[in-house]
Amino acid sequence: MGKPPIKTDDFRTAIWPIIFIGQFFTLFPVSGLFSGDVKRLQFRWVSLRTFYSYTFLFLGALAILAQIHHIIRTSVSAGAIIEDAMHMVAVVRSNEKFQFACTNETNFWKLFYNREHVKVFAYMNYHIMMVLVIEFAHKVYLFMWTFMDLFITLVSLSLSIRFEQLYFRIAPHKGKLLPDAYWVEIRHHYIKISKLVEFMDRELSPMVIVTCGSDIYFIAYQLYMSVQMDASVFSTVYFRFSLLFLILRALLMLVTSSHVYVASRKPLEILRSVPMCSWNNNVRRFTNEILNIDSALSGHKFFFLKRGLILAMTGTLITYELVMMSEVKPRNTGNFCEQPNRLF
């Protein structure tokens, strides 16, 4: 009898369920996901998956343009599911109160969608099919927003684990005399992992910039809304939970990503314990490469995902909060019916 096929324990095998789920939400339009061979993963410009992705990219572009036009005209994972559910309950309660106090509109859902999606229904009449498209598109974009943090986190985990594997390989030999060929092999493997990090950094840089920018923007926005709002208890709870979830999600991504750089420096601990009689050119070159290579993800080299970035972003947000508390005054509540887009 033949031997059973050996299962490959690699990054594709570990992450394919995440990519498969992402494809339902228009992400990663690649074929060959179930082939078992990473070489069969292919992206085609002309395919149903690509068409599906570009359909929602087009709808998203239209939504952004409509939002910009509306602003100009008016002058102005489990945690994500909970956050979205709380948001829905908060806006439904707000619209129920608005319907009862301010309008004679009998169709609640028509009132609800006309108020919550002004940028869409300002250009077309209310229709149930358009409502279904809006809701599905909203869930797709919400999933994308959360997925970007999750994907960067998973990639960072895989990269840091590769460095950890190399470290655990050499850790038992700390302080021992080792042949020159051993350090040549270890250095060669370290360079291969560093090149892998460099490749992933080059491919993920646009996503890192968008993710970090959107995270800090929405955290600042939620902080601003927490000062401006005079809402009901439930709406306040929603905003507090949304802010906490966003901060924890961004913090998880940053901490995990920064560990790639930390793990890449760990072999220095072993190299510094190499006996002088075993110190040679290969050990010296290995040490210099670790010290001079920044094995970390970045946003097109404008910033690197290291622990210092966490402190920098935290300091920026604290400064923003202090300025906001001293300069921004709570919004005048006034007449409830004159503020139709607020949560109460």
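Residues numbered from 1 in each chain as written. Predicted model: local features only at pLDDT ≥ 70, side-chain atom pairs only at ≥ 80, totals over all residues. Heavy atoms only, no water.

Description of helix α6 (residues 128-170)
Using the following cut-off: Runs of E in the DSSP output that reach at least two residues are strands. Runs of H or I that reach at least four are helices, and both are numbered from the N terminus. Any helix carries an expected span of 1.5 Å times its number of residues minus one. Bend angle per residue: angle between axes fitted to the 7 residues ending at that residue and the 7 residues starting there.
For α6, which comprises 43 residues, the first-to-last C-alpha distance of 63 Å matches the rise-based estimate of 63 Å (1.5 Å per residue) to within 8%. The sharpest bend along α6 comes to roughly 30°, located at Phe147.

Looking at helix α10 (residues 281-292)
What counts, and what does not: Only protein chains enter the area calculation, which uses a 1.4 Å probe; residues under 20% of their type maximum are buried, those over 50% are exposed, and those in between are partly exposed. When we speak of the arc, we mean the arc of directions from the helix axis to the C-beta atoms. The term polar contact refers here to a pair of N or O atoms within 3.5 Å; inside protein, the definition further demands a hydrogen-donor-capable atom paired with an acceptor-capable atom, and it admits residues adjacent in sequence only when both atoms are side-chain atoms.
Taking 1.5 Å of rise per residue, twelve residues should cover 16 Å, and α10 covers 16 Å from first to last C-alpha, within 8% of that figure. Of the residues making up α10, those classed as buried are Asn282, Val283, Phe286, Thr287, Glu289 and Ile290. Projected down its long axis, α10 carries its buried residues within an arc of 165°, all on one side. Opposite the packed face of α10, turned more than 90 degrees from it, sit the exposed residues Asn281 and Asn292. Where α10 begins, the side chain of Asn280 points an oxygen toward the backbone nitrogen of Asn282, at a separation of 3.0 Å.

Observations concerning the side chain of Asp215
Which entries qualify depends on this criterion: Here, residues are in contact when the closest pair of their heavy atoms is within 4.5 Å.
Summarising the element assignment, Asp215 is placed in helix α7 (residues 180-228). Here Asp215 is in contact with Trp145, Asp149, Leu246, Arg249, Ala250 and Met253, once residues within four sequence places are set aside.

Quick notes on the nonpolar core
Filter applied, for reference: Among the buried residues, those of types Ala, Val, Leu, Ile, Met, Phe, Trp, Tyr and Cys that are joined through side-chain atoms within 4.5 Å form a nonpolar core.
One finds Trp183, Leu254 and Leu305 to be the most contacted residues of the largest nonpolar core, which totals 41 residues. Elements that contribute at least two residues to this core include exactly α1 (11-24), α6, α7, α8 (233-265), α9 (267-271), α10 and α11 (307-327). The contacts of Leu254, once residues within four sequence positions are left out, are Cys212, Leu305, Leu309, Ile310 and Met313. Counting residues in hydrophobic clusters, the runner-up holds ten residues, among them Leu223, Leu243, Ala250 and Leu317.

Some thoughts on a nonpolar patch on the surface
Worth spelling out the cut-off: The residues that make up patches have over 30% relative accessible area and no salt bridge, and they are joined within 9 Å when like-charged or within 5 Å when they are Val, Leu, Ile, Met, Phe, Trp or Tyr. Accessible surface area values rest on a Shrake-Rupley calculation with a 1.4 Å probe, where residue burial reflects the displayed protein chains alone. Think of a salt bridge as a Lys or Arg side-chain nitrogen and an Asp or Glu carboxyl oxygen that are within 4 Å of each other.
A surface patch of nonpolar side chains, about 340 Å² in accessible area, is lined by Leu244, Leu248, Leu251 and Val255. Among the secondary structure elements, Val255 is positioned in helix α8.

Let's talk about the confidence of the model for the chain
Note the following rule: You can read pLDDT as the predictor saying how much it trusts each residue, on a scale of 0 to 100.
Looking at the chain as a whole, its pLDDT mean stands at 76, while 71% of the residues score no less than 70. The weakest mean pLDDT in the chain belongs to helix α2 (residues 48-74) at 58; the strongest belongs to α9 at 89. In this model, residues 67-76 is a region of pLDDT below 50 whose contacts with residues beyond four sequence positions or in other chains number seven contacts. Here residues 340-344 is modelled with pLDDT under 50, and outside its nearest four sequence neighbours on either side it reaches 26 contacts, counting other chains as well.

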